[in-house]
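# Remarks on the overall topology
Each chain, letter by letter, is given below.
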Amino acid sequence: KKGVDKMMEVEVEATNGSSYPHGLLESADVETIVAQYTGHALLQRLVFVAKKAAEKKDETLELEALKVACDESKKGEHTSLHKEVTELMRGRCGPEYDCDAAWVDQVDRRTAQKQDKLESELNGYKANLIKESIRMGHTFLGEFFYEKGDLNAALKCYIRTRDYCTTSKHVVTMCLNVIKVSLELENYLHVLNYVQKGEQNPGVQQDAKTMDKLKCAAGLANLANGKYKIAARNFLEVSAELDNNYSDVIAPQDVATYGAFCALASFDRSELKQKLIDSVSFRNLLELVPEVREVVYDFYASRYASCLKMLTGLKKYLEYDIYLHKHIEELGNQIREKAIVQYTIPFTSVVLQNMATAFNVDVDSLEKEIADLIANGQIHAKVDSHNKILYSRGTDQRDTTFERVKKTGSDYQRDSEHVLLRARLLEYQLVQTSGSSKAAAAMSPELDEK
């Protein structure tokens, strides 16, 4: 542990004196998105970045994302997405990026013929009553609807395969398909249900890749539901071997970022060290996002000014993240509050000027933050506003000891009474045994007198 702490201190010290040591981006990078994601995840994120850039009046980024999204959309059969992307462009990228009506008609005709063929084959399988063929038929039809962008129809097809699964591998495949579609539909209750089904399947615990996918899905669902501590535990259990195996949903860089921020916001110091700092596998994931790694190490090393400065810079970039954008402000506030609380714990009194210097803020704004934390019960202290000093409210050990002794005595008395009552009931055979379906006889007069 000492070696890890020393290594961490060296890495943190190397970053001092520079705002963003690794050239931190303040907006989304389209090339990075294309390199990290595939399939629906790529198109979803490109469209999201374009819409977010439009909100921020960044037309260059918006059009760059839309151009790539338009090109990618024509590689598949998602014609409705192609129409949406070209509508968002509004003719600003020239005629070559207008809606390709001929391509849309051609794909629609081809997909209609393919759908008829798949449905006809499925009906034939049902007539022959071959379970494996019926399962495959529903799976192929689900994949067809998924590629076409009809997520609700795809979900129905994938769920129907459940009744025709004959092996544990079939069940896991069904769960992963349902989870993938449910994440896009933002049906997170469905995601958690099928993650649980997948994890309960025999043999899945030995399949590291499948477990990584299930943990990622559970983490995304819990993140969306605002359960940051559970989400952090899910992401921290993902191994560094995830690589690009789940690139149609999430990238390893996302796992590191989501897990780190959720952990910083929700873990106490000991849990943070045990499950994040000392975790070899998650440390390997953190190496993929050096800026996030520096935030984690600065926070743990109590270098709060550097940590919060980098966190503020990262917020601008993470506002373009499709899953984290709704939560980054709340997570940032929780991390800042936790940093302030941790700073005050070791001291009986703190000069606010020194604390303000450590957090790189002015004294008045820091005093207001501390007052709010005191009102919320997160800091047990009082503020001398005249001298700008924070005094800790030490607990009275005498009163605490008396309260603990009193509670122990009450618990002992209650348990003793329960034991005596049980013994008396047994004595007069008033206890219903497992072999009897009737209650014992009525109380005797002697018991009533007692």
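Here's a quick rundown of the structure. (Residues numbered from 1 in each chain as written. Predicted model: local features only at pLDDT ≥ 70, side-chain atom pairs only at ≥ 80, totals over all residues. Heavy atoms only, no water.)

### So, the side chain of E271
By the secondary structure assignment, E271 is in helix α14 (residues 269-277). Separated by 3.1 Å, the side chains of E271 and R233 make a polar contact. Look past the residues within four positions of E271 in its chain and what remains in contact with it is K229, R233 and L276. (Helix = DSSP H or I, 4+ residues; strand = E, 2+ residues; numbered from the N terminus. Polar contact = N/O pair within 3.5 Å; in protein donor to acceptor, adjacent residues only side chain to side chain. Contact = heavy atoms within 4.5 Å.)

### Quick notes on the environment of E77
Tracing the backbone through its elements, the reader meets E77 in the loop between α4 (59-73) and α5 (79-89). Owing to a relative accessible area of 17%, E77 belongs among the buried residues under this scheme. Beyond its immediate chain neighbours, meaning those up to four positions away, E77 contacts V107, R110, T111, K114, E147 and K148. (Buried < 20%, exposed > 50% of the residue type's maximum accessible area, 1.4 Å probe, protein only.)

### Some details on the packing of aromatic side chains
Evaluated as defined, the whole model comprises six aromatic pairs. Measuring from ring centre to ring centre gives 5.6 Å for Y343 and F359, while their planes differ by 65°; the resulting arrangement is edge-to-face. Pair noted here: Y343 is in helix α18 (residues 328-344) and F359 is in helix α19 (residues 352-359), with a separation of 16 residues, a long-range link. The two residues Y343 and F359 agree in class, both being buried. Ring-pair connections join several aromatic residues into one group, and the members of that group are F299, Y304, Y343 and F359. The cationic tip of K180 hangs over the ring face of Y146; the distance from NZ or CZ to the ring centre is 4.7 Å. (Phe/Tyr/Trp six-rings, centres within 6.5 Å; stacked < 30°, edge-to-face > 60°. Lys NZ or Arg CZ within 6 Å of the ring centre and 35° of its normal.)

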